[in-house]
Amino acid sequence: MRAKSFSGMNCSVAGALEAIGDRWGFLILRDLLLGLSRYDEFQTSTGIPAQTLATRLKQLEAADLVTRRRYQDHPPRDEYVLTDKGRDLWTVVTALREWGDKWDAHAGTEGPPLDLVRRGSGTRLRLALVDEKTGMQASPKEAEAVLGPGGDALMAFRLKTAPKRR
């Protein structure tokens, strides 16, 4: 049974989920962000069934997150590369990885399976909220959700109904 489409919702989270598709889509994006690009690499990395992989790649392509590029003519072989729109999901995938690391969602291994470090120094990196004007880091406690210029009645309802964080 196919899940309900989020395509008509005025919500950026719903729209992003619609573009990515499902959990397989996230894993394919993870692999693309790590530099994998070929069908067999995705299958080996994820264990995804062939038909599911073909369908997800087509969905990611239709959402303009990846593009197909021919790398061999005989026999014809294509690779998949991220578009600018797809590369911009790096922060989303990194946030999911950081959450998984914090809450030990990595199948019982001792420590995170992947670290993100600064080139040259090897210092571990993490995502942060940054003030757009000052460039200074802000804590999640300092963040407040407000109605944006594209907000509709449902978003106003969510913001009005949700208790204010202190």
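Residues numbered from 1 in each chain as written. Predicted model: local features only at pLDDT ≥ 70, side-chain atom pairs only at ≥ 80, totals over all residues. Heavy atoms only, no water.

## Here we look at the pattern of salt bridges
Summed over all chains, the structure comprises 10 salt bridges. With a closest N to O distance of 2.3 Å, Asp-84 and Arg-87 form a salt bridge. On the criterion of helical spacing, the pair formed by Asp-84 and Arg-87 is a turn pair, its members being three residues apart in helix 5 (residues 84-87). A salt bridge links Arg-124 to Asp-115, with the shortest nitrogen-to-oxygen separation between them at 3.2 Å. The exposure class of Arg-124 is exposed, given its relative accessible area of 54%. Here the residues in one salt-bridge network are Glu-61, Arg-68, Arg-70 and Asp-78, joined through shared partners. (Salt bridge = Lys/Arg side-chain N within 4 Å of Asp/Glu carboxyl O. Helix = DSSP H or I, 4+ residues; strand = E, 2+ residues; numbered from the N terminus. Buried < 20%, exposed > 50% of the residue type's maximum accessible area, 1.4 Å probe, protein only.)

## Structural notes on the layout of surface pockets
With a probe scaled to a water molecule rolled over the atoms, the places where space remains empty come into view. As a volume, the largest pocket reaches approximately 610 Å³. For the largest pocket, the lining is made up of 20 residues, of which Arg-30, Val-93, Leu-96, Arg-97 and Leu-114 are closest to its centre. Elements with a minimum of two residues in the lining of the largest pocket: helix 2 (23-34) and helix 6 (90-102). Take the lining of the largest pocket: its biggest share by element is eight residues, from helix 6. (1 Å grid on protein atoms, 1.4 Å probe; cavity = no way out; pocket = protein on both sides within 12 Å on 5 of 7 lines; lining within 4 Å. Points joined across faces, edges and corners; volume = space filled by probe spheres on them.)

## Focus on the side chain of Ser-37
Note that Ser-37 resides in the loop between helix 2 and helix 3 (39-46). Filtering out sequence-adjacent residues up to four positions away, Ser-37 remains in contact with Leu-32, Phe-42, Glu-79 and Tyr-80. (Contact = heavy atoms within 4.5 Å.)

## Examining the packing of helix 3 against helix 4 (residues 50-62)
It is the contact of helix 3 with helix 4, at a shortest axis distance of 11 Å, that shows an interaxial angle of 120°. When the interaxial angle is binned, helix 3 and helix 4 end up oblique. When you trace helix 3 past helix 4, the crossing you get is right-handed. Counting all contacts with helix 3, which are made through Tyr-39, Phe-42 and Gln-43, the residues of helix 4 involved are Ala-50, Gln-51, Leu-53, Ala-54 and Leu-57. Grouping the constituent residues of the contact of helix 3 with helix 4 by class yields six nonpolar, two polar and no charged. (Axes fitted to C-alpha atoms, helices over the stretch in contact; angles between N-to-C directions. Parallel < 35°, antiparallel > 145°, perpendicular 65-115°, else oblique. Left-handed = near helix turned anticlockwise from the far one by under 90°. Nonpolar A, V, L, I, M, F, W, Y, C, P; charged D, E, K, R; others polar.)

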